[in-house]
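# Structure assessment
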Amino acid sequence: GELYEPEEENPMLGWRGASRYYSKEYIDSFIEDSNLQEVISSISTACKTISNSVRLAGINDLLGKTGDINVQGEKVEKLDEFANNTLINQLSKSKKVFMMGSEEIESIILPQPENPNAEYIVVFDPLDGSSNIDVSISIGTIFAIYKKINSNQQDVDNLLQKGNQILASGYTVYGSSTVLCLSIPNKTSLFTLSDNQEFFLTTENIVHGDSKVYSINESNWNKFTKGNKLWVNKLRSGELGKYTARYVGSLVADFHRNLIKGGVFAYPADPKSGIGRLRLIYECNPLAFIAKQTKGRATDESEDILDIKPSALHQRVGLYIGGKEEIDIREKII
């Protein structure tokens, strides 16, 4: 066959049209506070390290369990522990973080050394989609940044803030490529990690896609409420247009695909207990902030996710997130 001839490189662009805008340059352009810039940069650096470790996990003996049980009652994956420690250490080095919260840790996390004068609170799910780690399916890191509400380093209220107080949030997907999503008010953009370990701007000012997709674990059908069964049946009946089911089983991967292409993700709460599976602080709030900034929506069983006042560090809620149209339809049905 014919040899492939690479396209000429546009001097103003990177590979195949990717902007030469580095993530740090981008952050510095749109965020005035240099301390907040440093916090976001530290998260970006941690995600680069995690990305490399995910890619080489099988070689570096980072697959499988540690033998420990986390606060969620789940067996801890080696990569979960590595990602968690990487984020804590990198954010501590920044000296700009007052307090942290992690899905993997039961209580408040203070940086070492402590920074009582720092202004920022960071919460994160270090490696979302743990069940997919050993089979090389997309997983990711989710995070959000808040301002502290007081200077008491033992006051858990600093972590129990409503999602509508978020200053910036995002996620990184470790998949066929490593993609960082960063969202600040009225601006959400995507960056792709290059071979030289720099995040390049690849999509600016993204708006939620409009494809007809629903992402729901239908094996839980018998646990769905009557209202949710009616809603899902309405989506898949063709009455609203032909919907396609797509479900990865990593929240961050499902959300990322729907953000780009369109659709809605749902993980309903258990109708008997009223308790969901997903964590309000570490998973739902950061992604709900992104959904709002990109003209999508996020609710639990009855109210907007961002308006819920957390009652505990590891509170779980139901989650419906993605296309505004699909969530509005659900609310009319139930």
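Calculation notes
Residues numbered from 1 in each chain as written. Predicted model: local features only at pLDDT ≥ 70, side-chain atom pairs only at ≥ 80, totals over all residues. Heavy atoms only, no water. Core = buried A, V, L, I, M, F, W, Y, C linked by side-chain atoms within 4.5 Å. Buried < 20%, exposed > 50% of the residue type's maximum accessible area, 1.4 Å probe, protein only. Helix = DSSP H or I, 4+ residues; strand = E, 2+ residues; numbered from the N terminus. Contact = heavy atoms within 4.5 Å. Arc of directions from axis to C-beta. Pairing = 2+ DSSP bridges. Axes fitted to C-alpha atoms, helices over the stretch in contact; angles between N-to-C directions. Parallel < 35°, antiparallel > 145°, perpendicular 65-115°, else oblique. Left-handed = near helix turned anticlockwise from the far one by under 90°. Nonpolar A, V, L, I, M, F, W, Y, C, P; charged D, E, K, R; others polar.

## Looking at the nonpolar core
Tyr171, Phe255, Leu287, Ile305, Leu319 and Ile321 are the most contacted members of the largest nonpolar core, which totals 43 residues. Take this core: its biggest share by element is nine residues, from helix H6 (residues 280-293). Leaving out residues up to four positions away in the same chain, Phe255 has contacts with Tyr171, Leu287, Ile290, Ala291 and Ile321. One finds Leu36, Ile40, Leu91 and Val97 within the second-largest nonpolar core, a separate group that totals 37 residues.

## As for helix H7 (residues 324-333)
Among all positions in H7, only Glu326, Ile327, Ile329 and Arg330 are buried. Down the axis of H7, the smallest arc covering the buried residues is 155°, so these residues share one side. Among the structural elements, helix H4 (226-236), strand S12 (264-267), strand S14 (297-299) and strand S16 (319-322) are those in contact with the buried residues of H7.

## Focus: the environment of Glu32
Of note, Glu32 is situated in the loop between helix H1 (23-30) and helix H2 (34-55). For Glu32 and Val232, which are 200 residues apart along the polypeptide, the C-alpha to C-alpha distance reads 44 Å.

## Quick notes on the pairing of strand S4 (residues 120-128)
Counting buried positions along S4 yields nine of nine residues, so the element is predominantly enclosed. Two strands pair when backbone bridges link them, and strand S3 (residues 97-102) and S4 are joined in this way by five bridges, in the parallel orientation. Note that in S4 the partner of Met99 across the bridge is Ile121. In this sheet, strand S5 (residues 139-147) lies alongside S4 in antiparallel orientation, the contact comprising seven bridges.

## Here we look at the sheet that holds strand S9 (residues 199-203)
In space, the seven strands of this open sheet follow the order S3-S4-S5-S6-S7-S8-S9, with mixed pairing throughout. Either end of the sheet is taken by a strand with one partner, and the two such strands are S3 and S9. Going across the sheet, the axis of each strand differs from the next one's by a mean of 20°, ignoring polarity. The sheet contact formed by strand S7 (residues 178-184) and strand S8 (residues 187-193) spans six bridges and is antiparallel. Counted as the bridge partner of Ile184 is Lys187 from S8.

## Details of the packing of H4 against H7
Across the interface, H4 lies against H7 with an axial gap of 9 Å and an inter-helix angle of 135°. The pairing of H4 with H7 is recorded here as oblique in orientation. You can see that H4 and H7 cross each other, and the crossing is right-handed. Across from Gly227, Asn228, Leu230, Trp231, Lys234 and Leu235 in H4, the residues of H7 making contact are Glu326, Ile329, Arg330 and Ile333. Of the residues belonging to the contact of H4 with H7, the class tally is five nonpolar, two polar and three charged.

Keep in mind these values describe shape, not function.
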